[in-house]
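Read off the chains here:
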Amino acid sequence: IEEVVQRYGKLAVKIERGLLPNKVTARLRKMVDEFQLTLPVIRNLRNKALKERHWKKIETELGEKLERN
């Protein structure tokens, strides 16, 4: 997933440079940048060392039940 996001980041920069300034390219770049900020969280949530107690604490903090598979 990190590689895909990185490719989209590079693509967004190329598109932004190659086209006249517009809302679509700016929005794409912003979306990719914001998603890149979530990657460490995603990586940590995929950690196999997380125990049931960890998941319960995470779900309590979020106020939602998470689907794990």
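What follows concerns the pattern of salt bridges. Across all of its chains, the model carries seven salt bridges by this definition. Residue Glu 16 is joined to Arg 29 by a salt bridge in which the shortest nitrogen-to-oxygen separation is 2.7 Å. Taken together, the residues Glu 16 in helix H1 (residues 2-18) and Arg 29 in helix H2 (residues 23-45) connect sequence positions 13 residues apart. Of the charged contacts in the structure, one is a salt bridge between Lys 65 and Glu 59, with a shortest N-O distance of 3.7 Å. Among the ionic contacts, a cluster of salt bridges with common partners joins Glu 52, Glu 59, Lys 65 and Arg 68.

We now examine the layout of surface pockets. Approximately 210 Å³ is the volume found for the largest pocket. Leu 45, Arg 46, Asn 47, Lys 48, Leu 50, Trp 55, Leu 66, Glu 67, Arg 68 and Asn 69 together form the lining of the largest pocket. Residue composition of the lining of the largest pocket, by class: four nonpolar, two polar and four charged.

Attention now moves to H2. Spanning 23 residues, H2 covers 33 Å between terminal C-alpha atoms, matching the ideal 33 Å at 1.5 Å per step. Bending of H2 peaks at approximately 35° at the position of Thr 38, with proline Pro 40 no more than four residues after it. What H2 keeps buried is the set Thr 25, Val 32 and Leu 39. In the core, the buried residues of H2 are packed alongside H1. One side-chain oxygen at the N-terminal end of H2 lies 3.0 Å from the backbone nitrogen of Val 24; it belongs to Asn 22.

The rules we used
Residues numbered from 1 in each chain as written. Predicted model: local features only at pLDDT ≥ 70, side-chain atom pairs only at ≥ 80, totals over all residues. Heavy atoms only, no water. Salt bridge = Lys/Arg side-chain N within 4 Å of Asp/Glu carboxyl O. Helix = DSSP H or I, 4+ residues; strand = E, 2+ residues; numbered from the N terminus. 1 Å grid on protein atoms, 1.4 Å probe; cavity = no way out; pocket = protein on both sides within 12 Å on 5 of 7 lines; lining within 4 Å. Points joined across faces, edges and corners; volume = space filled by probe spheres on them. Nonpolar A, V, L, I, M, F, W, Y, C, P; charged D, E, K, R; others polar. Expected span 1.5 Å × (residues − 1). Bend = angle between axes of the 7 residues up to and from the residue. Buried < 20%, exposed > 50% of the residue type's maximum accessible area, 1.4 Å probe, protein only. Contact = heavy atoms within 4.5 Å. Polar contact = N/O pair within 3.5 Å; in protein donor to acceptor, adjacent residues only side chain to side chain.

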